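The primary structure of each chain is shown beneath.
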Amino acid sequence: MPFSKLFDRLNINPNESGHNEYARLFPTLSERGREGRAASIFLACLTHVPIFADTLLSPLGRSIGPNSSVVALTEVNPSGENADRPDGLIAVKTGNSFWTCLTEFKVGGTLEVEQVERYLKLARSLNIDAVLTISNEIVPRPEVSPVAVSGRLTQSVKLFHISWMQILSHLQLLIATDLIDDSNHQMIVKEFIRFLVH
């Protein structure tokens, strides 16, 4: 597995029960787990539909090319000791280089400054490149966060934000412009659109 050395460095053991699981298109979470389901489905779509991953991650400075691999985990808990568990981890491998990003999702709620700052500190301690937040809050571009965090926390870790509406718009544009040539990828994107609008 090309990501095993990265996971070893981050002290993450994928597929442990309850956390560090590979993102799934069909997560088995309770009805109260709306946020966890949305996170897993979004992250799974990134790993299975390269053009969607490129559309979303290119503005964050990480293009997805034919030689790139994307993997995503949910409920990330390095070493199993940390009380803070970001909703996900995106890892992109291109050649010998890795790009990593912790993710935090809000469905129907707003982001909390303290939580985002804790995840920025966690990312810095693990040498993770970025933190991506996703919520209903709309921003003009991904580099603008809806929460005001301490500037010293974003010196070594980048902070990005995307709204659910922006994600939905990107998905609809991919379908409307026939940019997805794989029928399975089209089906995944259409089902994700259906999930987001309900």
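Everything here concerns the structure above.
Remember, it's a predicted structure, so these values are computed and weren't measured experimentally.

Q: Whenever I open this one, the overall build of the chain confuses me. Can you help?
A: Counting its regular elements, the chain contains six helices and six strands. Listing each helix as α and each strand as β along the chain from the N terminus yields α-β-α-α-β-β-β-α-β-β-α-α.

Q: I'm lost on helix H5 (residues 164-176) in this one. Help?
A: Counting along an α-helix, one turn takes 3.6 residues, and residues three or four places apart therefore face a common direction. With 13 residues, H5 ought to run about 18 Å at 1.5 Å a step, and its terminal C-alpha atoms sit 18 Å apart, in line with that. Along H5, the positions that sit buried rather than exposed are Trp164, Ile167, Leu168, Leu171 and Leu174. Buried residues in H5, looked at end-on, bunch into an arc of 125°, giving them a common side. In this structure, H5 carries Leu173 and Ala176 as exposed residues pointing more than 90 degrees from its buried face. Where H5 is buried, its residues touch helix H2 (34-48), helix H3 (50-57), strand E4 (97-105), strand E5 (130-135), strand E6 (158-163) and helix H6 (183-197). Looking one or two residues past H5, Asp178 carries a phi angle of roughly 55°, positive in sign.

Q: It is not clear to me how the packing of aromatic side chains should be interpreted in this structure. Could you clarify?
A: The geometry of an aromatic ring pair comes down to the distance between the two centres and the angle between the two planes. Enumeration over the complete set of coordinates arrives at seven aromatic pairs. Seen in terms of ring centroids, Phe42 and Phe105 are 5.6 Å apart; in terms of plane orientation they differ by 65°. Their pairing is edge-to-face. With Phe42 in helix H2 and Phe105 in strand E4, this pair connects stretches of sequence that are 63 residues apart. For the pair shown, Phe42 and Phe105 are each scored as buried. On the numbers, 6.4 Å between centres and 25° between planes, the contact of Phe192 with Phe195 is stacked. Taken together, the residues span about one helical turn, with Phe192 and Phe195 both in helix H6 at a distance of three residues.

Q: Before we go on, may I ask you to explain the nonpolar core in this structure?
A: Generally speaking, a soluble globular protein has its nonpolar side chains buried in company with each other. One finds Phe42, Phe52, Ile90, Ile167 and Phe192 to be the most contacted residues of the largest nonpolar core, which totals 38 residues. It is H2 that contributes the most residues to this core, eight residues altogether. Filtering out sequence-adjacent residues up to four positions away, Phe192 remains in contact with Ile41, Phe42, Cys45, Phe52, Trp164, Ile167 and Leu171. Val76, Leu111, Val131 and Leu159 belong to the second largest nonpolar core, which has 23 residues in total.

Q: Any chance you could explain the pattern of salt bridges here in plain terms?
A: A side chain of one charge can pair with a side chain of the opposite charge if their charged atoms are brought near each other. Applying the stated criterion across every chain, the model contains three salt bridges. Here Arg85 ties to Glu75 by a salt bridge, and the two come within 3.2 Å at their closest N and O atoms. You can see Arg85 sitting in the loop between strand E2 (68-74) and strand E3 (88-94) and its partner Glu75 sitting in the loop between E2 and E3, a full 10 residues away along the chain. When its relative accessible area of 24% is taken as the criterion, Glu75 is described as partly exposed. Between Glu143 and Arg141 there is a salt bridge, with its nearest N and O atoms 3.5 Å apart.

Q: Whenever I open this one, the pairing of E6 confuses me. Can you help?
A: The side chains of a regular strand alternate, residue by residue, between the two faces of the sheet. Within E6, five of the six residues are buried, which leaves the element mostly enclosed by the surrounding structure. Of the strand pairs in this sheet, E5 and E6 are connected by six bridges, and their pairing is parallel. Of the residues in E6, the one forming a bridge with Ala130 is Lys158.

Q: When you look at the pairing of E3 in this model, what are you seeing that I'm missing?
A: Across the seven residues of E3, five count as buried, placing the element largely inside the fold. Across seven bridges, the pairing between E2 and E3 is antiparallel. The partner of Thr74 across the bridge, within E3, is Gly88. Linking two consecutive strands that pair antiparallel, namely E3 and E4, is a turn of two residues; a positive phi of about 65° is found at Gly95 within it.

Q: Would you mind showing me how to read the environment of Phe98 here?
A: Residue position: Phe98 is located in strand E4. Assessed through its relative accessible area of 29%, Phe98 is described here as partly exposed. Taking the C-alpha atoms as reference, Phe98 lies 9.2 Å from Asp129; in sequence the two are 31 residues apart.

Thresholds, definitions, all that
- Residues numbered from 1 in each chain as written.
- Predicted model: local features only at pLDDT ≥ 70, side-chain atom pairs only at ≥ 80, totals over all residues.
- Heavy atoms only, no water.
- Helix = DSSP H or I, 4+ residues; strand = E, 2+ residues; numbered from the N terminus.
- Expected span 1.5 Å × (residues − 1).
- Buried < 20%, exposed > 50% of the residue type's maximum accessible area, 1.4 Å probe, protein only.
- Arc of directions from axis to C-beta.
- Contact = heavy atoms within 4.5 Å.
- Phe/Tyr/Trp six-rings, centres within 6.5 Å; stacked < 30°, edge-to-face > 60°.
- Core = buried A, V, L, I, M, F, W, Y, C linked by side-chain atoms within 4.5 Å.
- Salt bridge = Lys/Arg side-chain N within 4 Å of Asp/Glu carboxyl O.
- Pairing = 2+ DSSP bridges.

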